[in-house]
Amino acid sequence: MSALSLHKKIEENTGLLIFGILLVSAIGGLVQILPVLNQKSLEEPTVNTKPYSAIELTGRDIYMREGCSVCHSQQIRPLIAEVERYGPYSRAGEFVYDRPFMWGSKRTGPDLHRIGGKYTDDWHRIHLIDPRTVVPESIMPGYPWLAERAASETGNIVAKMTALRKLGHPYTDAQIAAAESDLEGLMEIDALTAYLQILGTGLDEEIAR
Amino acid sequence: MTSATIAQGHDPLAETGEVYEDAVVIRLIQFSVLWAVVAMTAGVYISAELLWPTIDLGQFWLSFGRLRPLHTNGIIFGFGVSALMATAFYSVQRTSHVRLFSPALAWFCCYAWQLVVLLGGLSLLAGWNTTKEYAELEWPFDIAIAVVWVIFGVVFFGTIARRKIRPIYISNWFYGALIIVIAMLHIVNNLAIPVTVDKSYSLYAGAQDAVVQWWYGHNAVGFLLTGGFLGMMYYFLPKHSGRPIWSYRLSVVAFWAFTYSYIWAGPHHLHYNAIPEWVQSLSVVMSVILLAPSWATMINGIMTVSTAWEKLKTDPALKFIVLSLAFYGLATFEGPMMSFPSVNVVSHFTDWTIGHVHSGALGWNAMITYGTFYFMVPRLVGAPLHSVRLANIHFALALAGTMLYIVAMWGAGVSQGLLWLSVDEIGELSFSFKDVMTSMQPFYALRLIAGLIFLTGTLLMTYNLFKTLAGRQAVVAKAPPVDPAYAINKEVTA
Ligand code: HEM
Ligand code: HEM
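Just so it is clear, the model here is predicted, and its values are computed rather than measured. (Residues numbered from 1 in each chain as written. Chains lettered and ligands numbered in written order. Predicted model: local features only at pLDDT ≥ 70, side-chain atom pairs only at ≥ 80, totals over all residues. Heavy atoms only, no water.)

Caption draft 1: The arrangement of the interface of chain B and chain A in detail. Contact with chain B, which involves 96 residues of that partner, is made by 84 residues of chain A. Overall, the association of chain B and chain A removes approximately 7,700 Å² of surface from exposure, summing both partners, and the carbon and sulfur fraction of that is 68%. If you sort the residues of chain B by the area they bury against chain A, Tyr201, Gln208 and Phe349 of chain B come out on top, with a joint share of 11%. Where chain B meets chain A, there are 5 salt bridges. The salt bridge involving lysine 199 of chain B is made with aspartate 61 of chain A; its shortest N-O contact spans 2.8 Å. Our enumeration of links across chain B and chain A arrives at 26 residue pairs in polar contact (both at pLDDT 80 or more). (Contact = heavy atoms within 4.5 Å. Buried area = accessible area lost by both parts, 1.4 Å probe. Salt bridge = Lys/Arg side-chain N within 4 Å of Asp/Glu carboxyl O. Polar contact = N/O pair within 3.5 Å; in protein donor to acceptor, adjacent residues only side chain to side chain.)

Caption draft 2: Spatial organisation of the site of ligand 2. Residues and elements named next belong to chain B. As a matter of local geometry, ligand 2 sits amid 24 residues, with Arg68, His71, Ile75, Glu133 and His358 nearest to it. Arginine 68 has a polar side-chain atom sitting 2.7 Å from an oxygen atom of ligand 2. Contacts to ligand 2 include histidine 358, whose side-chain N or O atom sits 2.8 Å from a nitrogen atom. The set of elements that each furnish at least two residues to the shell around ligand 2 consists of helix 2 (23–49), helix 3 (64–96), helix 13 (351–381) and helix 16 (441–469). The element that contributes the greatest number of residues to the shell around ligand 2 is helix 13, accounting for 7 residues. (Near = heavy atom within 4 Å. Helix = DSSP H or I, 4+ residues; strand = E, 2+ residues; numbered from the N terminus.)

Caption draft 3: Broad picture of the coordination of the iron atom of ligand 1. Just one protein ligand coordinates the iron atom of ligand 1, and it is His356 of chain B (NE2) at 2.1 Å. Positionally, histidine 356 of chain B belongs in helix 13. (Donors = N, O, S within 2.8 Å, 3.2 Å for Na, K, Ca; no water.)

Caption draft 4: Focus on the environment of proline 316 of chain B. All names here are of chain B. For proline 316, the position within the fold is in helix 11 (residues 316–339). Accessibility expressed as a relative area gives 5% for proline 316, which makes it buried. Here the alpha-carbon distance between proline 316 and tyrosine 374, two residues 58 residues apart in the chain, equals 7.8 Å. Setting aside chain neighbours within four positions, we find proline 316 in contact with Val388, Ala391 and Asn392. (Buried < 20%, exposed > 50% of the residue type's maximum accessible area, 1.4 Å probe, protein only.)

Caption draft 5: Local environment of the coordination of the iron atom of ligand 2. Residue and element names in this part refer to chain B. At 2.0 Å from the iron atom of ligand 2 lie its protein donor atoms, namely His71 (NE2) and His358 (NE2). Coordination at the iron atom of ligand 2 comes from 6 donor atoms whose angles at the metal span 87 to 179°, giving a geometry best classed as octahedral. Here histidine 71 is found in helix 3, whereas its partner histidine 358 is found in helix 13, with 287 residues between them in sequence. Both residues of the pair, histidine 71 and histidine 358, belong to the buried class. (Tetrahedral: all angles 85-135°; square planar, octahedral: opposite > 155°, others 65-115°.)

Caption draft 6: Looking closely at the pairing of strand 2 (residues 199–202) of chain B. Residues and elements named next belong to chain B. Of the strand pairs in this sheet, strand 1 (residues 192–196) and strand 2 are connected by 4 bridges, and their pairing is antiparallel. Note on strand 2: the bridge partner recorded for isoleucine 193 is tyrosine 201. In this structure, the hairpin formed by strand 1 and strand 2 is closed by a connection of 2 residues. (Pairing = 2+ DSSP bridges.)

Caption draft 7: Structural view of helix 7 (residues 206–241) of chain B. All names here are of chain B. Here helix 7 contains 36 residues, and its C-alpha end-to-end distance of 49 Å stays within 8% of the 52 Å for a straight helix at 1.5 Å per residue. A maximum bend of about 30° is found in helix 7 at asparagine 219. The buried fraction of helix 7 amounts to 34 of the 36 residues, a majority that puts the element mostly inside the structure. Backbone geometry just after helix 7 places glycine 242 at a positive phi near 70°. (Expected span 1.5 Å × (residues − 1). Bend = angle between axes of the 7 residues up to and from the residue.)

Caption draft 8: Just the packing of aromatic side chains, in detail. For the structure on display, the rule yields 37 aromatic pairs over all chains. Relative to phenylalanine 141 of chain B, the ring of tryptophan 128 of chain B lies with its centre 6.2 Å away and its plane at 55°, an arrangement referred to as tilted. With tryptophan 128 of chain B in the loop between helix 4 (103–125) and helix 5 (139–161) and phenylalanine 141 of chain B in helix 5, this residue pair connects regions lying 13 residues apart in the sequence. For tryptophan 128 of chain B, a relative accessible area of 23% puts it in the partly exposed group. Taking 5.4 Å as the distance between ring centres and 80° as the angle between the ring planes, the aromatic pair formed by tryptophan 149 of chain B and phenylalanine 152 of chain B counts as edge-to-face. Of this pair, tryptophan 149 of chain B and phenylalanine 152 of chain B both sit in helix 5, 3 residues apart, which is roughly one turn of the helix. The ring of tyrosine 89 of chain A has arginine 91 of chain A lying over it, and the distance from NZ or CZ to the ring centre is 3.9 Å. (Phe/Tyr/Trp six-rings, centres within 6.5 Å; stacked < 30°, edge-to-face > 60°. Lys NZ or Arg CZ within 6 Å of the ring centre and 35° of its normal.)

Caption draft 9: Summary view of the site of ligand 1. Taken together, 27 residues are adjacent to ligand 1, and Glu133, Tyr134, Asn344, His348 and His356 of chain B come closest. Around ligand 1, the nearby residues trace back to chains A and B. Measuring from an oxygen atom of ligand 1, one finds a side-chain N or O atom of serine 105 of chain A at 3.3 Å. In the environment of ligand 1, an oxygen atom lies 3.0 Å from a nitrogen or oxygen atom belonging to the side chain of asparagine 344 of chain B. Only helix 7, helix 9 (277–305), helix 11 and helix 13 of chain B provide two or more residues apiece to the shell around ligand 1. Along the lines of polarity and charge, the residues of the shell around ligand 1 split into 11 nonpolar, 15 polar and 1 charged. (Nonpolar A, V, L, I, M, F, W, Y, C, P; charged D, E, K, R; others polar.)

Everything listed here is a matter of coordinates, which is why it stays silent on function.
Structure, rendered in C-alpha cells:
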C-alpha cells in the first residue's frame, strides 16, 4: 500500500485519524520523557538536601501562593557570569524535594537559588513588607499582609506533610506530630523567610565553598 | 478536492440539508471577546506595575504574582479556547454537511467552560496556584477541565462521525489534534496528590517535574496556540479568499511532521538547567526541524491568497488573517533560533522570551482570531459588519501595538541578556543586577504604550461586533447538497 492510499484511509475514517494522532504525538513523550522519569540519579539528594521542615514548607507554599516564581528563577546555569553573580551552579539533586519544581522562566528579579544566608532574617522581613525601604529603585511588589497573617492558617500542615510522605519524603511521625506546634506564634513572613534562608544550602561544603 | 468543495458558493434554493447549530457559536464568540478584554486589561495593568510597583495598593489580589497568571490563563483558556470552540463548531458542521452532534452537549460545553474560566480566574487571585506555567489552576479545576474537554471531543468527533462528506477536511485534523494532544498533556502534567481543596503536590519532583512541565508547556503552545489556530487558518482562509488551499499534499505532510516533531522540543525551555544533556540536545534538533512544517504551512497559506490580493485592499478580515500568517512565520523562525544554546544563553530568563511570546500571541493568535470574528459574525446574523472603517482602524492599531511590543521587548531582552553575562578582563561582573533592572524602564514604558494601543483596538472590535450582533439572531443556515464525488458511500463506515 502506498503512503498516499494509507493516508486516504486515515483521512476518511474518524477512528483511524484519532488513533493516528495519538500514536504520532505520543512517540516523543515515550522516548524522551519516560526515560527521564525513570532516571534514578535525578532522584538522589545531594548531601545536605533534606525535606523541608514544617516551617519551611509553609514558607514555600506562601512563595507559590504569591507567585514569586513569575519574577524569580531558582536555577543557576553553569556559566562564569552566573556563578560569579549568584554562586555555585544548580545540581539536579538539590531539587528532589521540590514538588513542583520552582526554577522559573523569567528573571524580573535576581535568581534566588543561593539566597539562603545572603541576608539576615530582619533584612528579608523589611524587604518583603516594602522592598523600597532597602532598595529604593526596586520594582518588586510589597507584601505587607504577610506580616499580619498567622503561619498556622496557611493550609493544613499535617495533611501536607502526610501527603508528601506518601510521595516518598522521609518525614518521621514525630516531625509530623510536632508540625502544628512548630508553627505556633509565627507569622507568614517568618515562614517565608525561613524558606528563603534554607534555599541553596543543600550542597557539600566542599563544592559550596 | 475537498477544499474545492468548501470553497464553492451556496445556492440557497438547493439547501435541503440539516440546519446548523449556530447560536452556540455566537455565544462562544461573545465570551471569547469578553475574556480578551479582561485578560488584556490585566496584561496592561501588570505592564504598568513593572513601572510603578506600588499601584497594587497593597491589595493581595492586585499583586503582580497573582495577576500575571490571571493574564496568561484568561487569555489562553478564556479568549483562546472559547475562540477555538466557536470556530471548531462552526467549521466542523460546514465541512461535514451536518448539524452538530448533540447541540445540548455543545451548549453545556460552552457554559461549563466559561464557569471554569471564571472560577479558575478568581481562584488564581485567591492564590490557589500550582505555579506550573499555563497549568496554574489547582486540582478541582484540572478535573473540571478534563471533563469539559472530553465533552468537547465528543461533540467534535461525533459530528465528524456523522458527516456526509467522505474525506475529513484538513482543518478538522488540526482541531482534532488540539483536542487529543491537549487532553494527554493536561492529564499527565497535572497528576498530583490533593491535600485540601486549594492545594496539591505534584507527583513529580525537581528535575523530572521540570521536564514533564515543559513537555506540557511547549506543546500547549504547539497544539493549542499553534495547532488549534492552524485549524482556523485552514478553514477560514480558503473560505474567505474564495480559493482552495494551494497544496493539499503539502498540508498533509506538514500536519504529520508538525504533530510528530513538536512533542520533542519542550526541553529547549531548560537549556543549561539541571536536566540530562541528551534531552536538551535532542530538543534543539527537533526545534530546528520544526521550522520546516511551520514555514510550509505559512507558505501554503500565503500562496492560497496569492491570487486574491485585490480582496486584501478592501477587506479588513482578510487583512488580519494574512498578516497573522506573517507573524506566525516570524515567531516560528525566532523560536528555532532561540533553541540554539548559544542564543538561548542570552535570551533565557529575559524579556526576549516575552517578546517572542507576544509576537506569536498578539501577531498570530489574536490577529487570526480577530480576522475570523470579523468574517463570521456578519455571516452568522446575516447583516453587514457595523463599520468597516472601524475594523480598518483596528487593523492599524493591532499592527502598531504588536510591532511596538516586540521591538521594545527585543531591546529589553537583548540588553538584559548581554549585560548580565558581561564580565571584565579580571573576571568581575560589569553590571550589578540593580543597574540592569533600572535600565529597563524605558522599554517597559514602550511596552505599556504598545499594550494600550493593542487593547484600544480590541475595544473597537468589541463595540463593532456588539453593534453588528445587537438585536439579531443567528440566521438559519442549512447544509448544502453533497457533491456525489465526495459523498459517503455505503461501504465506508465512519
Ligand atoms: C517552531 C516554532 C517555535 C519554536 C521552536 C519555539 C521555541 C521557543 C523557545 C526556544 C523559547 C524560549 C524558552 C526559554 O528560553 O525559556 C520559547 C518560548 C515561548 N514560546 Fe515559542 N517557539 C515556537 C513558536 C511559538 C509560537 C507560534 C508561539 C505562540 C504564541 C510560541 C509561544 C511561546 C511561549 C508562550 C513561550 C514562553 C514560555 C515560558 O517561558 O513561559 N512559540 N519558544
Ligand atoms: C494588551 C495586550 C497584552 C499586554 C499588555 C500583555 C502584557 C504582558 C505582560 C506584562 C506579561 C508579563 C511579562 C513579564 O513577566 O515580564 C505577559 C506575559 C504573557 N502574556 Fe501577555 N500581554 C498582552 C496580550 C497577550 C495575548 C493576546 C496573549 C496570548 C494569546 C498573551 C500571552 C502571554 C503569555 C503566554 C505570557 C507569559 C510569558 C512567559 O511566561 O514567558 N499576552 N503579558
